[in-house]
Amino acid sequence: MLQGLSVDSSGPSFTPLVVVELVSDAKEETIGWLLNKIRDQQHDGGAELLVEQLGPGVGAQEKENPNLFLVGATWQRLLSGAEDVGLFKESTDGSMRAFTCANKHNFKDFGGDGDGFLSMAECQYIIKHELDTLRAKDETHVPGYKQAKLYPGKSIIRRLLSKRILIQIFPLHDKEELKRLSFSWYKKVKLSLQPLDDIRHYYGEGQALYFGFLEYFTFALVPMALFGVPYYLFDWEDYDKYVVFAVFNLIWCTVILELWKRCSASLAYRWGTLSRKKAFEEPRPGFHGVLGFNPVTGREEPLYPNIKRQLRIYLVSLPFVLLCLYLSFCVMMVYFLMEGWALSVYDQEPTFWTGVLLFIPSIIYAVVIEAMNLIYRYAAEFLTEWENHRLESSYQNHLVLKVLVVSVNYYFNFLQNISLATLLITSQILNQFMEAFLPYWLQRRRNKKMIRKVQKRRILEDKELPLAEQVRLEADMSTYLGTFDDYLELFLLFGYVSLFSCVYPLAAVLVVLNNVTEVYSDAFKMCHVFKRPFSDPAANIGVWQLAFEAMSVIAVVTNFALIGLSPQVKTYFSDSETHLILWTVAAEHGLMAFKFILTFLIPDIPKHIQIKLARLEFESLEALKKKVKTTN
């Protein structure tokens, strides 16, 4: 795994996998208590892991935090942890089964003592799980911090994080494996697919599914792009153009999302997460309330009345979101005024510079919208935190809902082809600069300080930094906050294509070009800008699947509204606007029904995977029956 990073101590040597960083002024009794908890045997309430303090680096300075600790585990402990977390691995018969130590030799690639059977990402995930399950026993508070209250069953790590005693926990990079992944992923220009299995092996299933969806979405856009080019180049009757393109657009939206479910299920089955049981969710670190008993676990934990949370949502959060929508509408009106002024200047004096002036309002509008969305994002996160959701999944769902509602800002301007193209291009340039190149530049500045300190002159990637320097360098890197922003960007692009392809048929072409560069920029930032994230054993893209499907439903209404507003269609119903509305609504309902029929006809999971899952369930029931008979 981490070649050359083995730590020798008075105990057994181990490969450091995870770094735990406490505040620099943490109390000695706190540190000793936490380390004992990590090292203690499981039957004594410990994690039974190996942990050592990181030594001082080359040219160590007083400002360096001394409280960095390296955590690893024996191989047998990792195997038992794999069973604890319900890890699925490929068995010798080719099926994916839950790993058990008792049947370990029945699994493919398990040879000898099983060394190499688990990937480094899986080992780090197991260690994180074991740390998260450390619970208080008789302690009433964290030793050395009387304000940090504890009670039996309380997660120690979550309490230390919420009280800012624990700064961060992060997994270490494997420099050699990262170099190999970088080369096959983005360092060479190629037409082949992404190495999804390698990405999954290094970063975990959640990250691999995002890149799988990005790749799938890009290829799925190709038919729309090919269909849109002749519509843009040739002068068709607008009526025919709208109707044919709208029908194709709606069928395309439905089919690609349903086929993605099948593709996602195939990937999840191959990676062993499709059948994996979801772990019981613990309260979020920031969740607070009056101490009581959880009726499910029987453990003491904070309880917070749901009525209070609902009042905060409907009396504060909802009005705030509506206010933001109103402000967005006002900004849009100002933009229309600016655009009207630019058009009037161009009509009076059509020169090159007045032609350039036509693009300025759209560029300014795109920049302002990006800034407003950034501010709104921070406000949405603050409000969602203040709502005090007990579970991380609930927190994420409410945050996604808030962000998606206001994301309609991006779709306000669709009336002119130039405007849509300019908005698309400007927003994507800003996104790629903010999410990859600016963080990379800042990280390079921090890296240069480390290079000077160890007195090396070659490029950082070619160095073999000592362990202490590598750990401190990674501790200083930006923290990857998950795939939320990445999926949000794809959602916005999907909206551009599905809602307004009738108005601007080249939208799909621009999005394809953006996605190709997005693959490389996202791969680059994962390998060189952020700390390595912990593996996320995801089976699908979660709430984002519902978001994309909701957008495809909205697309039906939007496309038929565009058709109904076109002058060519209005000429067919010049005698009665009522007939026009009725025809538009009837056609919209007909295509909506066709859309749902398609959804029903295309199964979410391929037939061969359904058979394998059914066979595993049957074998489990048979094994349970035999066990009951033998015990009786």
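Residues numbered from 1 in each chain as written. Predicted model: local features only at pLDDT ≥ 70, side-chain atom pairs only at ≥ 80, totals over all residues. Heavy atoms only, no water.

An unreviewed UniProt entry annotates the protein chain as Anoctamin originating from Mastacembelus armatus. Under the UniProt heading Subcellular location (unreviewed entry), the entry covering the protein chain gives this text: "Membrane". Listed in UniProt under the heading Sequence similarities (unreviewed entry), the comment for the protein chain reads: "Belongs to the anoctamin family." (UniProt positions renumbered as here; feature names shortened; annotations may be inferred.)

Per the UniProt entry, the sites bearing "transmembrane region" (unreviewed entry) are residues 208-230, 242-260, 313-338, 350-375, 490-513 and 580-602 in this numbering. Secondary structure over residues 313-338 splits into 100% helix and 0% strand, and the C-alpha atoms at its two ends are 36 Å apart. With 85% helix and 0% strand, the stretch residues 350-375 has end C-alpha atoms that lie 38 Å from each other. (Helix = DSSP H or I, 4+ residues; strand = E, 2+ residues; numbered from the N terminus.)

The next point concerns the nonpolar core. Soluble globular proteins tend to bury their nonpolar side chains together. Core analysis: the largest hydrophobic core is formed by 80 residues, its most contacted members being W185, Y203, W252, F494 and W544. Broken down by element, the residue count for this core peaks at 13 residues, all from helix α7 (residues 205-233). Core analysis: the second largest hydrophobic core is formed by 47 residues, A26, V51, W75 and L134 among them. (Core = buried A, V, L, I, M, F, W, Y, C linked by side-chain atoms within 4.5 Å. Buried < 20%, exposed > 50% of the residue type's maximum accessible area, 1.4 Å probe, protein only.)

To continue, consider the side chain of E387. When you line up the elements, E387 lands in the loop between α11 (360-386) and α12 (392-406). Judged by relative accessible area, E387 falls into the buried class, the value being 0%. Of the polar contacts made by the side chain of E387, one reaches the side chain of H389; its length is 2.7 Å. Apart from the residues lying within four places of it in its own chain, the contact partners of E387 are Y304, R309, R312, I313, S317, H398 and K402. (Polar contact = N/O pair within 3.5 Å; in protein donor to acceptor, adjacent residues only side chain to side chain. Contact = heavy atoms within 4.5 Å.)

Before going further, it helps to examine the environment of P283. Relative to the elements of secondary structure, P283 occurs in the loop between α8 (238-271) and β9 (290-293). Between the C-alpha atoms of P283 and E392, which are 109 residues apart in sequence, the distance is 7.4 Å. Dropping the residues within four chain positions of it, P283 is found in contact with R158, E301 and R390.

Mapped onto the elements, A98 comes out in strand β5 (residues 96-98). Look at A98 and you get partly exposed, because its relative accessible area is 37%. Apart from residues no more than four positions distant in its own chain, A98 is found in contact with L87, F88 and F107.

Another aspect to go through is helix α15 (residues 484-500). Here α15 spans 24 Å end to end across 17 residues, near enough to the 24 Å set by a 1.5 Å rise per residue. Taken across its 17 residues, α15 has 16 buried, putting it largely inside the fold. (Expected span 1.5 Å × (residues − 1).)

Bringing unusual backbone geometry into the picture now. In the Ramachandran plot, D109 falls in the positive-phi region, its phi being about 70° despite a non-glycine side chain. Within the secondary structure layout, D109 lies in the loop between β5 and α3 (120-132). With a relative accessible area of 64%, D109 lands in the exposed category. Although it is not a glycine, R164 sits at a positive phi angle of roughly 60°. Structurally, R164 can be placed in the loop between α4 (156-162) and β8 (166-171).

Position of D522 among the secondary structure elements: in helix α16 (residues 507-528). At 2.5 Å, the side chain of D522 and the side chain of Y210 are in polar contact.

Our focus in this paragraph is the packing of α7 against α15. Orientation of α7 relative to α15, taken along the N-to-C sense of each, is 15°, at an axis distance of 11 Å. Judged by the inter-axis angle, α7 sits roughly parallel to α15. In terms of crossing hand, the pair formed by α7 and α15 is left-handed. For the pair α7 and α15, the contacting residues are G206, L209, Y210, F213, L214, F217, L221 and M224 in the first and D486, Y487, L490, L493, F494 and V497 in the second. Per-class residue counts for the contact of α7 with α15 are twelve nonpolar, one polar and one charged. (Axes fitted to C-alpha atoms, helices over the stretch in contact; angles between N-to-C directions. Parallel < 35°, antiparallel > 145°, perpendicular 65-115°, else oblique. Left-handed = near helix turned anticlockwise from the far one by under 90°. Nonpolar A, V, L, I, M, F, W, Y, C, P; charged D, E, K, R; others polar.)

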